[in-house]
Amino acid sequence: MSGVNKNIVILISGSGSNMAAIVKTAQKHHWREQFGARVAAVISNKAQAKGLEFAHEQGIATAVLDHKAFANREAFDAELMTAIDRHAPALVVLAGFMRILTPGFVQHYAGRLINIHPSLLPAFTGLNTHQRAIDMGCKFAGVTVHRVTAELDHGDILDQAVVPVLPGDTAQTLAARALTQEHIIYPRTVERLLGEIASSIKG
Ligand code: GAR
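Values in this document were obtained by computation on a predicted structure and should not be read as measured data.

Draft legend 1. A look at the overall build of the chain. Counting its secondary structure elements, the chain contains seven helices and seven strands. Computed over the C-alpha atoms, the radius of gyration of the chain is 17 Å, within 12% of the 17 Å expected from 2.2 N^0.38 for a compact globule of 203 residues. Structurally, the chain occupies a C-alpha span of about 50 × 40 × 35 Å along its principal axes. Within the chain, the proportion of its 203 residues that are buried is 46%. In the structure as shown, the chain presents an accessible area of about 10100 Å², 55% of it carried by carbon and sulfur atoms. For the chain, the separation between the mean place of its 19 positive charges and that of its 17 negative charges on side chains is 4 Å.

In structure tokens, the structure reads:
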């Protein structure tokens, strides 16, 4: 396939390790040649997000939009949409983007918006998922990639991975174990969706 016509925009708030895993898989699996796809931009709501450095080093466009500078969620999301839409994305990938999105934003990207969540949804929506799994005595925990709908951490499940909860686990040790699985299933899901988009275009 010649030319790049499927842009991916990734939103982060922190270390961006999932974003980096996606960028590395895009390179390793030749998404440009296979699907005409590339990670076009990484946008953060936090200027200090570590992932921005990695993205910049990779030659990916970066932008920071500080949510605190906006009067309300609607105003922030409107500006965020403008920043994202500059890249006309085929997929918008939330990778540790710690903001609740307005229904208007979610609607605007319907069918193109995915998220990774650190639990086996529908269990443990929201925050502190690993600590809550430990507190409940769960023997297994995990991670979920899902489509984003207006309801927080709901939407069709696209992929999941399970990890054991081991004796003596803390939220940190469990999170680290789960994160290694995130780095496998998130790039894999994005790649699958790119394949689906490519075959739907070929029709
Ligand atoms: C990941 O564990 C992701 O599942 C979680 O934030 C972390 C981001 O790590 N996301 C959420 O909690 C969303 N509600 P990363 O910045 O290294 O990719």
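Draft legend 2. Just the packing of aromatic side chains, in detail. Under the criterion given, the structure shown has two aromatic pairs. Plain terms: the ring middles of F70 and F76 are 5.6 Å apart, the flat faces sit at 70° to each other, and that makes the pair edge-to-face. A relative accessible area of 24% places F70 in the partly exposed class. Relative accessible area serves as the criterion here: at 1%, F76 is assigned to the buried category.

The rules behind each value
- Residues numbered from 1 in each chain as written.
- Predicted model: local features only at pLDDT ≥ 70, side-chain atom pairs only at ≥ 80, totals over all residues.
- Heavy atoms only, no water.
- Helix = DSSP H or I, 4+ residues; strand = E, 2+ residues; numbered from the N terminus.
- Rg over C-alpha atoms; globule rule 2.2 N^0.38 Å.
- Buried < 20%, exposed > 50% of the residue type's maximum accessible area, 1.4 Å probe, protein only.
- Areas by Shrake-Rupley, 256 points an atom, 1.4 Å probe, with all protein chains shown as cover.
- Lys, Arg positive; Asp, Glu negative; His and termini not counted.
- Charge placed at Lys NZ, Arg CZ, Asp CG, Glu CD.
- Phe/Tyr/Trp six-rings, centres within 6.5 Å; stacked < 30°, edge-to-face > 60°.

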